[in-house]
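What the coordinates show
Below are the chains, spelled out letter by letter.
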Protein chains: 2
Amino acid sequence: MRNFYCPDQPLTPDCTVELPAAESTHALRVLRLQAGDRLQLLNGSGIRAEAELLPPTNAGRRQQEAHCRIIAVEHCPEPAIALHLYIAPPRGKNMDAVLRTATELGVIRITPILCRYGVAKPENDKDSWQQTLIAACKQSGNPFQPAISPLQAFHDALAGHDATTGFFGAVPRDNDQPIQPGDLPSPHTVSLWIGPEGGFSLEEDEALRTAGLRALTIGPWILRVETAVPALLGALYGLLEH
Amino acid sequence: MRNFYCPDQPLTPDCTVELPAAESTHALRVLRLQAGDRLQLLNGSGIRAEAELLPPTNAGRRQQEAHCRIIAVEHCPEPAIALHLYIAPPRGKNMDAVLRTATELGVIRITPILCRYGVAKPENDKDSWQQTLIAACKQSGNPFQPAISPLQAFHDALAGHDATTGFFGAVPRDNDQPIQPGDLPSPHTVSLWIGPEGGFSLEEDEALRTAGLRALTIGPWILRVETAVPALLGALYGLLEH
């Protein structure tokens, strides 16, 4: 069943909702769905609703709105672990790749950070980022749209860091202790910090360690950000969940 | 230091090597390196050599070859765990993304497999795949170029499967036991099987379980192959290494 994004209306059984304009166009003009077809609505806040398309009420008008009746509503449980991703935004399309991957892997909050070796003026287009997150929610079926915090300077973000357990993507050091799953408390919130292409500066690295975050590495080779984000999130799942 | 690919010549201290044509062009015409500049050579089989560019010997000719003298040679240790990736090739560029990610994360062999719900006629362009792997080795610094096996039917690949421990990307089942790091023997070879966009068929899923492979899942949402490959490889690192 196709997923549609419907954030601003109450989704309760038997009520009728109108899809947002872009979603209406997609349903009626692109997919050519017909009255009686089933679709799935996501509100981005954990609700997933099955709905049935109603017959058009404004067939004469140029711009059609899709109306549908809610059949069944599911309140999805929040993820057991709240994953926060702090990331030095890479250039252009790579940030889209990061946002899509983070959504698929159940990150609940993304905080873009300004690092010493990061892109000097990172794109900070929250509207376009939101569109990417919505598309990723629809594609992956994740009913929880990740929140995006405002762009913050590294040290401000670290001062406000409140996850119970934090990790950062790091170049391995000889005296780092490998992380054992038994070491970890049962955390409610876990953060993962990913630096810019040039890496965290030595001073940033020290600040992360001083704040109690643990260095997390995967293999000895250089990872692009599109690889580092899913691989390190995957490693956290391996360490925390299994 | 820039990485260059130099597979077919012995890399030993003090000897002189000629870079392959494409690498010569890149060094001399694109990067405009000069005699005396340092570069790093990778042979794809675990050797990493530091070298110094020599003065041109054929300055009059149109096509220049870059010669360099080897200064120091490092034989990199093979990865402690030999990771084999079995993958139903996705369409076009997504396969390139898989190959790059697999190289960055230290996979040593990639076997493309034909699955029931996979692309009917997957691209099987070994030459173009090799070029992608070489580029990924140079970018990530991985001196071990992953091998690519010929495209195989799913059941033939499973019959030839010889990893000590195998995993496959799966939709979670209620009665799957979560994998605990302590469950796993110290493996020398580990395989990860990733199905096509439509997933493994029920019959393929059963065949994998019957052959002793373990279901590995990350979160409840649908992952694109570009996310599934690094996230599941990352989870294996989390389970096996830390």
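Attention here is on the structure that accompanies the text.

Here is what the cut-offs are and how they apply
- Numbers given to residues run from 1 along each chain, matching the order in which its sequence is written.
- Each chain takes a letter, starting from A, and each ligand takes a number, starting from 1, following the order in which they are written.
- Local features in this predicted model are restricted to residues of pLDDT 70 or higher, and side-chain atom pairs are both shown and tallied only at a pLDDT of 80 or more, whereas totals for entire chains, interfaces and linings draw on every residue.
- Side-chain metrics in this entry use all non-hydrogen atoms of the structure; hydrogen atoms and water are not considered.
- The copies are overlaid by a least-squares fit using only the C-alpha atoms of residues whose pLDDT is at least 70 in both copies.
- Residues count as neighbours in contact if any of their non-hydrogen atoms are within 4.5 Å of one another.
- Whenever a carboxyl oxygen of Asp or Glu lies within 4 Å of a side-chain nitrogen of Lys or Arg, that contact is scored as a salt bridge.
- Only runs of H or I of at least four residues qualify as helices and only runs of E of at least two qualify as strands under DSSP, and these elements are numbered from the N terminus.
- Buried residues are those whose accessible area, probed at 1.4 Å on protein chains only, stays under 20% of the maximum for their type, while exposed residues exceed 50% and partly exposed ones sit between those limits.
- Note on definitions: buried area is the accessible-area loss of two parts on being combined, 1.4 Å probe, summed for both.
- Any pair of N or O atoms that falls within 3.5 Å is considered a polar contact. Within protein, one atom must be able to donate a hydrogen and the other to accept it, and sequence-neighbouring residues count only if both atoms are side-chain atoms.
- Residues are grouped as follows: Ala, Val, Leu, Ile, Met, Phe, Trp, Tyr, Cys and Pro are nonpolar; Asp, Glu, Lys and Arg are charged; every other residue, Gly included, is polar.
- Strands are treated as partners if at least two bridges between them are detected by DSSP.
- Here, axes are lines fitted to C-alpha atoms. For helices the fit covers the stretch in contact, and angles between N-to-C directions go from 0 to 180 degrees.

**Focus on the relation of the copies chain B and chain A**
Taken as rigid bodies, chain B and chain A are interconverted by a rotation of 180 degrees and an axial shift of 0.0 Å, the fit giving an RMSD of 0.0 Å. Considering both components of the superposition, the chain copies are consistent with a two-fold axis. Interface overlap between copies: 100% of the residues of chain B at the interface are likewise at the interface in chain A, consistent with a symmetric, same-surface contact.

**Quick notes on the pattern of salt bridges**
Residue and element names in this part refer to chain A. All told, the structure shown has 16 salt bridges over all chains when counted by the stated rule. The salt bridge involving R69 is made with D14; its shortest N-O contact spans 3.1 Å. Taken together, the residues R69 in strand β5 (residues 67–75) and D14 in the loop between β1 (3–5) and β2 (16–18) connect sequence positions 55 residues apart. The class of D14 is exposed, set by a relative accessible area of 57%. Each of the salt bridges in this network shares a partner with another, and the network as a whole consists of D14, E52 and R69.

**Some details on the interface of chain B and chain A**
At the interface, 33 residues of chain B touch 33 residues of chain A. Carbon and sulfur atoms make up 62% of the area that chain B and chain A hide from each other, which totals about 2800 Å². Where chain B packs against chain A, one counts two salt bridges. The partner of R224(A) in a salt bridge is E104(B), and the shortest N-O contact between them spans 2.6 Å. At the junction of chain B and chain A, the tally comes to eight residue pairs in polar contact (both at pLDDT 80 or more). When contributions to the side of chain B that touches chain A are tallied by element, the ones reaching two or more residues are α2 (92–104), α3 (126–140) and α6 (225–240) of chain B. A total of eight residues in the side of chain B that touches chain A trace back to one element, the largest contributor, which is α6(B). Here the side of chain B that touches chain A is composed, by residue class, of 15 nonpolar, 14 polar and four charged.

**A closer look at the pairing of strand β10 (residues 165–169) of chain B**
All names here are of chain B. Here β10 lies mainly inside the structure; four of its five residues are buried. By the bridge criterion, four bridges tie β10 to strand β11 (residues 189–194) in an arrangement that is parallel. The residue bridging F167 from the neighbouring strand is L192, located in β11. Strand direction decides the pairing type here: β10 and strand β12 (residues 214–216), joined by three bridges, are parallel. Counterpart to G169 in the pairing with β12 is L216.

**Focus: the sheet that holds β5(A)**
All names here are of chain A. Judged by pairing direction, the sheet is mixed, and its five strands sit side by side in the order β1-β3-β4-β5-β2 without closing on themselves. The open sheet has two edge strands, β1 and β2, and neither has a second partner. Neighbour-to-neighbour, the strand axes of the sheet open up by a mean angle of 45 degrees, direction not taken into account. One ladder, built from seven bridges, connects strand β4 (residues 47–53) with β5; its direction is antiparallel. Of the residues in β5, the one forming a bridge with E52 is R69. Packing against the sheet, helix α3 (residues 126–140) makes contact with β1 and β3 (38–42), and its axis sits at approximately 150 degrees to β1.

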